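Examination of the molecular architecture
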Amino acid sequence: MIGFMSKSIIFAGAEEPILQGPAKPLSPDQILEGKPETRSKELGRSNDRTSYVMAWDCTAGRFNWHYNKDESLVVLTGEAFITCDGAEERRIGPGDTVFFPAGTSACWRVPKYIRKVAFMRHAMPRPAGYGVLAWNLILRKLRGGRGGL
């Protein structure tokens, strides 16, 4: 971690052993096959506490997962097969990116192991989102168009 002023920029390499400690089984009502166990670690959180980044891994098994937040993920290693709403099963592997909107559910089938980094964001009502966009536009104009990607 490298700090600048009162905020920190966080670096985590894809191969770093950031997930340590005992694996946790999913709840029995989620598991469909096998004994999948997961580990996770929060890597960073936004100042407003609405967004955060997690590293996560899982051993072999099949389970249901419900997304109560928007989640974008990138697979680092391993693979999984995802089914949503009875659609055709899709494979995800290293380098693949997936977005799950808040309120959706998916069935995960992990043949051996998967490791991902996930970017979560608390969903907000549309009017609040428009307010945030307007506020950011005002800030950008005050800064003379500088900042951000």
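Residues numbered from 1 in each chain as written. Predicted model: local features only at pLDDT ≥ 70, side-chain atom pairs only at ≥ 80, totals over all residues. Heavy atoms only, no water.

With the rule as written, the count across this model stands at seven salt bridges. Arg45 serves as the salt-bridge partner of Glu42, at 2.8 Å between the closest nitrogen and oxygen. A residue is classified by how much of its surface remains accessible, and Arg45, at 29% relative accessible area, is partly exposed. Between Arg121 and Asp70 there is a salt bridge, and its shortest N-O distance comes to 2.5 Å. Linking Arg121 in strand E11 (residues 105-121) with Asp70 in strand E7 (residues 70-78), this pair joins segments that are 51 residues apart in sequence. What makes Arg121 partly exposed here is its relative accessible area of 34%. (Salt bridge = Lys/Arg side-chain N within 4 Å of Asp/Glu carboxyl O. Buried < 20%, exposed > 50% of the residue type's maximum accessible area, 1.4 Å probe, protein only. Helix = DSSP H or I, 4+ residues; strand = E, 2+ residues; numbered from the N terminus.)

Together, Trp135, Ile138 and Leu142 make up an exposed nonpolar region whose accessible area comes to about 370 Å². With respect to the secondary-structure elements, Ile138 resides in helix H1 (residues 126-142). (Patch = residues over 30% accessible without salt bridge, like charges linked within 9 Å, V, L, I, M, F, W, Y side chains within 5 Å. Areas by Shrake-Rupley, 256 points an atom, 1.4 Å probe, with all protein chains shown as cover.)

By the definition in use, this model includes six aromatic pairs. Centre to centre, the rings of Phe100 and Trp108 are 6.3 Å apart; their planes meet at 35°, and the pair counts as tilted. Here the two residues Phe100 and Trp108 agree in accessibility, since each one is buried. Taken together through their ring pairs, the aromatic side chains of Trp56, Phe63, Trp65, Tyr67, Phe100 and Trp108 make up a single cluster. It is Arg45 that lies over the ring of Tyr52; its NZ or CZ is 4.2 Å from the centre. (Phe/Tyr/Trp six-rings, centres within 6.5 Å; stacked < 30°, edge-to-face > 60°. Lys NZ or Arg CZ within 6 Å of the ring centre and 35° of its normal.)

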